[in-house]
Amino acid sequence: MTANELRQKYLDFFKEKGHAIIPSAPLVPENDPTVLFTTAGMHPLVPFLMGEKHPLGTRLANAQKCVRTGDIDDVGDNRHNTFFEMLGNWSLGDYFKKEAIEWSFEFITGEKWLGFDPRRLYVTVFEGDDDAPLDQESINIWKEQFKKAGIEAEVAGADKKVSENHRIIPLGKDDNWWGPAGETGPCGPDTEMFYDVSPEKGQLGDTFESLVNNFRLLEFWNDVFMEYNKKADGTFEKLIQQNVDTGMGLERVAVIMSGKDNIFDTEVFQPLIRKIEEISGKSYHDEENKSAMRIVADHIKAATFMIADGVVPTNVERGYILRRLIRRAIRQGKILGIENNFAAKIAEVVISEYKETYPELERESGKIAEELNQEEVRFRETLEKGLKKIKEIIAESRSAEKISGEKAFYLFSTFGFPLELTKEIANEHGIAVDEENFHEEFKKHQELSRTVSAGMFRGGLADAGDKAAHLHTATHLLLAALRKVLGEHVQQKGSNITGERLRLDFSHDKKMTAEEIAEVEKLVNEAIEKNIPVKCAEMTLEDAQKSGAIGVFGDKYGEKVKVYSIYDFSSEICGGPHAPATGELGKFKITKEEASSAGVRRIKAVLE
Ligand code: SER
């Protein structure tokens, strides 16, 4: 069975069980700023899992393209990859544990479907804690399923030893609780399905953990029973409707079906690998080429899908992840001896393999080739020199045992080496990089370059800095609007910005009326709609004052200051950073107006 056939079988099966087949959502989440990429099939369905009605009913299924960026640096071994497809079926307050588990078992073992051997199937369930009890119901349903196949399935003991008889393993929240995808949202206990991929090795008889770590048991499907909503304060509340969210890793099942021990050796990746062999003239069967070829295949595949969904290489957020993937692939290509642009040629293979399932790939094929080529040209211009430079830096940093943040930043700003690439090359030479110091360097330069905070380098959640710049610009618009509506006596008394909201304290001695608040919101939103560029000029403090800029005028006359102006709407002395133009801000909304201290009011506001 090919991967395309597998995908189709899954959808056919759930169609027979009354599910509507919905298309894959884009890789870039449409209304969720808490994550950069769609990481699971349930992700685009969150509003419906929370109770909103889905137009196609209460039973849905699909194949969803996903990207997980947490393990980028581990790609190259035999288990990690960034882009993958998740096959999923959902119940929105319709069926629950019984049907979900029965159907999982039927699809896995049915002759007409996967036809896997039930004797090689092992499952985990939630063992219970203070938030939710042991999932006895799932245990009972699994026992029944196995019984139908003539297998007596028992629950593993406290030692978590797995055997032919003890094939139901209870585990804690780290393993058997799913979600939420962001910080808040729907979540619940789950039951995960594992397959014994090497029965020829004989009896299991080991702990569950070691069997997974030794690649003996491979997880391939997860049924989540979403009964809870995690709130911002960290507590759980029962959801109004009980949902099922299942996710099966298409690539994982392809591994099982192929009898190979990793996904790069299956037909999901082999056409790409063959193309890389052709371009490089090297063989994948030579151990020394394997890792580089796997990285190139994985990264260019992910990049192709990202560009098709509108991401372009930049230094922030999603664009930064994309840039990191492409540049890492180019360097690995170089290790394979590829000196000319090749990414677009690999992308062609990705497109032809996937275009039937994901037609956007063919539709955007011109753009995919163009973006990959441009990025490759840009990076190749400095790659050679950068590689030479990093060798020198490594040599001169030996005694300090690490590359300083300043030097890593120099490699980033002058040669376009993402921090992670510098780290990777440094690691290969047994030397570290002072990341903390890099982030400090980065922050120092950010005001000048108007880029965002170093948050993007940490854990992939890049948008924090961008959001802060947006809120900062919104604070300027707010202050200007307040002066227009309430009068020129309004002066800034304090400001504070978090990733979520802005807070502005200002001089005014009365509570604002509802009309005044509405008028201020209207003025700010009008300025946003006009998409006015935010301009920055350097001048002396005296000149700033003369120009009519507002701000805190200290006593250091003669000092140069920066004045940020938003056409004739606002002009303020300020250090930045700001959004490049107001149009990026989104909708401005005042969430609170209250007294702060005598004669000072406080406003909290958000951008939606
Ligand atoms: N959301 C679950 C997962 O990602 C099941 O779809 O594993």
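Note that this is a predicted model, so its numbers are computed, not measured. (Residues numbered from 1 in each chain as written. Predicted model: local features only at pLDDT ≥ 70, side-chain atom pairs only at ≥ 80, totals over all residues. Heavy atoms only, no water.)

### Overview of the site of the ligand
Definition in use: Near residues are defined by distance, with any heavy atom within 4 Å of the molecule or strand qualifying the residue. Whenever a nitrogen or oxygen atom comes within 3.5 Å of another N or O atom, the pair is scored as a polar contact, on the condition that within protein one atom can donate a hydrogen and the other can accept it, and that pairs from neighbouring residues in sequence are kept only if both atoms are in side chains. What sets the accessible areas is the Shrake-Rupley method with a 1.4 Å probe; for residues, cover comes only from the shown protein chains. Runs of H or I in DSSP of at least four residues are treated as helices and runs of E of at least two as strands, each being numbered from the N terminus. The residue classification treats Ala, Val, Leu, Ile, Met, Phe, Trp, Tyr, Cys and Pro as nonpolar and Asp, Glu, Lys and Arg as charged. All others, Gly included, are polar.
With respect to spatial proximity, the complete set of residues near the ligand consists of A40, M42, R68, M86, W178, N222, V224, D245, T246 and G247. In the model, an oxygen atom of the ligand is placed 3.3 Å from a nitrogen or oxygen of the R68 side chain. When the ligand is considered free in solution it has 230 Å² of accessible area, and contact with the protein chains removes 95% of it. Every element with two or more residues in the shell around the ligand is listed here: strand 11 (217-230) and strand 12 (236-249). Looking at the shell around the ligand element by element, the count peaks at three residues for strand 12. Tallied by class, residues from the shell around the ligand come to five nonpolar, three polar and two charged.

### Here's the deal with the side chain of N89
Put simply, the rule is: Throughout, a residue-residue contact means that at least one pair of heavy atoms, one from each residue, lies within 4.5 Å.
Inspection of the secondary structure puts N89 in strand 3 (residues 83-92). Polar contacts involving the side chain of N89 include one to the side chain of Y10, which spans 2.7 Å. Within the local environment of N89, its side chain forms a polar contact with the side chain of T246, the two groups lying 2.6 Å apart. With sequence-adjacent residues up to four places away left out, N89 is seen in contact with Y10, F14, H19, L60, A61, Y95, W221, V244, D245 and T246.

### Some remarks on helix 18 (residues 514-529)
To keep it simple, the criterion reads: Helix span is expected to be 1.5 Å times the residue number reduced by one. Remark: exposure states derive from per-residue accessible area (1.4 Å probe, protein chains only) relative to the maximum for the residue type, with buried under 20%, exposed over 50%, and partly exposed in between.
The terminal C-alpha atoms of helix 18, which comprises 16 residues, lie 22 Å apart, in line with the 22 Å expected from a rise of 1.5 Å per residue. Taken together, the buried positions of helix 18 are occupied by I517, V520, E521, L523, V524, N525, A527 and I528. Positioned one or two residues after helix 18, N531 has a phi angle of 50°, which is positive.

### Concerning the sheet that holds strand 15 (residues 492-497)
In plain terms, the rule: Think of it this way: DSSP has to see at least two bridges between two strands before they count as a pair. Between N-to-C directions, angles cover 0 to 180 degrees, with each direction set by a line fitted to C-alpha atoms, over the stretch in contact for helices.
Read across the sheet, four strands follow the order 15-16-21-20 without closing on themselves; strand pairing throughout is antiparallel. The open sheet has two free edges, formed respectively by strand 15 and strand 20 (588-597), since each of these has just one partner strand. Across the sheet, the axes of successive neighbouring strands diverge by a mean angle of 20°, strand direction being ignored. Those strands touched by helix 18 are strand 20 and strand 21 (600-607), and its axis lies near 135° from that of strand 20.

### Let's talk about the environment of I403
You can see I403 is positioned in strand 13 (residues 402-403). In this structure, the C-alpha to C-alpha distance between I403 and T382, residues 21 residues apart in sequence, is 20 Å.

### Overview of the pattern of salt bridges
Oppositely charged side chains are able to pair whenever their charged atoms sit close together. Put simply, the test is: Any carboxyl oxygen of Asp or Glu that lies within 4 Å of a side-chain nitrogen of Lys or Arg is treated as forming a salt bridge with it.
Applying the stated criterion across every chain yields a total of 41 salt bridges. Across the pair D135 and K97 runs a salt bridge, and its minimum N-O distance is 2.9 Å. Of this pair, D135 sits in the loop between strand 4 (121-126) and helix 4 (136-148) while K97 sits in helix 3 (residues 97-109), and the two are 38 residues apart along the sequence. Both residues of the pair, D135 and K97, belong to the buried class. Between K160 and E127 there is a salt bridge whose closest N-O contact spans 3.2 Å. Of the two residues, K160 sits in the loop between strand 5 (154-155) and strand 6 (161-162) while E127 sits in the loop between strand 4 and helix 4, which places them 33 residues apart along the sequence. Each of K97, D135, E227 and K238 takes part in a single network of salt bridges with overlapping partners.

### Description of the nonpolar core
Which entries qualify depends on this criterion: We call a set of buried residues a nonpolar core when its members are Ala, Val, Leu, Ile, Met, Phe, Trp, Tyr or Cys and they connect through side-chain atoms within 4.5 Å of each other.
Grouped together as the largest cluster of nonpolar side chains are 114 residues, with contacts concentrated most on W142, F220, W221, M248, M306 and F417. Sorting elements by how many residues they give to this core places helix 9 (residues 287-308) first, with twelve residues. Ignoring any residue separated from it by four or fewer positions in sequence, one finds M306 in contact with L27, F37, V67, V311, I321, L322 and L325. Core analysis: the second largest hydrophobic core is formed by 33 residues, L479, L486, I517 and I590 among them.

### Side note on the sheet that holds strand 18 (residues 560-566)
Ordered by their spatial adjacency, three strands build an open sheet running 17-18-19, and the pairing between neighbours is antiparallel. Pairing within the sheet leaves two strands with one partner each, and these edge strands are strand 17 (535-540) and strand 19 (570-573). Mean inter-strand twist for the sheet, computed between neighbouring axes without regard to direction, equals 25°. The pairing of strand 17 with strand 18 spans six bridges and is classified as antiparallel. In the strand pairing of strand 18, E538 is matched with K562.

### Thoughts on the packing of helix 9 against helix 13 (residues 365-397)
Inclusion rule: The scheme is simple: roughly parallel for angles under 35 degrees, roughly antiparallel for over 145, roughly perpendicular for 65 to 115, oblique for anything else. Take the far helix as the reference: if the near one is turned anticlockwise from it by less than a right angle, the crossing is left-handed, and if turned clockwise, right-handed.
Contact geometry of helix 9 with helix 13 gives a least axis separation of 9 Å together with a crossing angle of 120°. Between helix 9 and helix 13, the interaxial angle falls into the category oblique. In this structure, helix 9 meets helix 13 at a crossing whose hand is right-handed. Here A303, T304, I307 and A308 of helix 9 come into contact with helix 13, specifically with K367, I368, E371 and L372.

### Points about the side chain of D298
Of note, D298 is situated in helix 9. Excluding residues within four positions of it along the chain, D298 makes contact with V75, N81, T82, F83, F264 and F269.

### Quick word on the environment of H472
Structurally, H472 is set in helix 17 (residues 463-486). We classify H472 as buried; its relative accessible area is 18%. Along the backbone, H472 and D309 are 163 residues apart, and their C-alpha atoms lie at a distance of 29 Å. Not counting the four nearest positions on each side in its chain, H472 is found in contact with I497, C574, G576, P577 and H578.

### A few points about the packing of helix 10 (residues 317-335) against helix 15 (residues 419-428)
Between helix 10 and helix 15, the shortest axis-to-axis distance is 9 Å and the interhelical angle comes to 35°. Contacts between helix 10 and helix 15 involve Y320, R324, R328, R331 and Q332 on the former and, on the latter, L419, E420, L421, E424, I425 and E428. Among the residues making up the contact of helix 10 with helix 15, the classes are represented as four nonpolar, one polar and six charged.

### Some points on the pairing of strand 20
Alignment of strand 20 against strand 21, held across eight bridges, turns out to be antiparallel. Bridge assignment links A595 to a residue of strand 21, and that residue is R601. Where strand 20 hands over to strand 21, the hairpin turn is made up of two residues, of which G599 adopts a positive phi near 75°.

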